[in-house]
Amino acid sequence: MALPTLTPEQRQEALAKAAEARKARSELLASIKDGSETIEKVLNRAKDDKTVGKTKVTQLLKAVPGLGAVKVAALLEQAGIDPDRRAAGLGDRQREALISALK
C-alpha cells in the first residue's frame, strides 16, 4: 500500500503531531519511573487516555523501578500477554493479572 502524497503543510502538521505524542509518552514513562504515577492507575485509564492506550505494555512495565527486560518478559509470559500488546488492547483479566503480580 502506497503512502499518500502530503503537501508540505500536511507533512509539517503530521510531524508536529508525532513529536507531541512522543513527548506525552515520554512524560508518562518518566512519571511512572519517579513514582508520581502507579502502574495500576495508568493501566486502568488505558481505554480512555490515547497516550496510555497507544503505549506498549512492555514500555510501561520497564518504566517501573526494579523491573528490567527479563522480569518484564517473565511477567508478560505469566499473564499470557503478547510483548507487542498495547495498553488499550489488554483485557480485564490480563490487566488484573499484571496488577496483582506487581503487588
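Computed from a predicted structure; not experimentally measured.

The rules behind the values
Residues numbered from 1 in each chain as written. Predicted model: local features only at pLDDT ≥ 70, side-chain atom pairs only at ≥ 80, totals over all residues. Heavy atoms only, no water. Helix = DSSP H or I, 4+ residues; strand = E, 2+ residues; numbered from the N terminus. Buried < 20%, exposed > 50% of the residue type's maximum accessible area, 1.4 Å probe, protein only. Core = buried A, V, L, I, M, F, W, Y, C linked by side-chain atoms within 4.5 Å. Contact = heavy atoms within 4.5 Å. Expected span 1.5 Å × (residues − 1). Salt bridge = Lys/Arg side-chain N within 4 Å of Asp/Glu carboxyl O.

Once that is clear, we can look at the overall build of the protein chain. What the protein chain contains, in helices and strands, is 6 helices and 0 strands. Projected onto the principal axes, the alpha-carbon positions of the protein chain cover approximately 50 × 30 × 25 Å. Scored against the burial criterion, the 103 residues of the protein chain give a buried share of 27%.

A separate point is the nonpolar core. Core analysis: the biggest nonpolar cluster contains 22 residues, and Ile32, Leu43, Leu60, Leu61 and Leu98 have the highest contact counts within it. Looking at this core, the elements with two or more residues in it are helix H1 (8-33), helix H2 (39-44), helix H4 (57-62), helix H5 (69-79) and helix H6 (92-102). Leu60 has contacts with Leu28, Leu29, Ile32, Ile39, Val42, Leu43, Thr55 and Ala87, leaving out every residue within four places of it along the chain.

With respect to the element layout, Arg95 can be found in helix H6. Excluding residues that lie within four positions of it along the chain, Arg95 makes contacts with Leu43, Asn44, Lys47, Ala87 and Leu90.

When the terminal C-alpha atoms of H1 are compared, their 37 Å separation across 26 residues agrees well with the 38 Å that a helix rising 1.5 Å per residue should span. Turning to H1, its buried residues number three or more, namely Leu28, Leu29, Ser31 and Ile32. Check the buried side of H1 and you find it contacts H2, helix H3 (50-53) and H4. Where H1 ends, the next residue or the one after it, Gly35, has phi of about 90 degrees, a positive value.

This part covers the pattern of salt bridges. Counted according to the given criterion, the structure contains 5 salt bridges. Between Glu27 and Lys23 there is a salt bridge whose closest N-O contact spans 3.3 Å. Taken together, the residues span about one helical turn, with Glu27 and Lys23 both in helix H1 at a distance of 4 residues. Residue classification places Glu27 among the partly exposed residues on the basis of a relative accessible area of 47%. Looking at Lys23, the relative accessible area reads 54%, which means it is exposed. Here Arg45 and Asp49 are joined by a salt bridge, their closest N and O atoms 3.2 Å apart. Here Asp49 falls in the partly exposed class, since its relative accessible area comes to 26%. A cluster of three or more residues bridged by salt bridges with shared partners is formed by Glu37, Arg45 and Asp49.

What follows is about the side chain of Thr58. Summarising the element assignment, Thr58 is placed in helix H4. Apart from the residues lying within four places of it in its own chain, the contact partners of Thr58 are Val72, Leu76 and Pro83.

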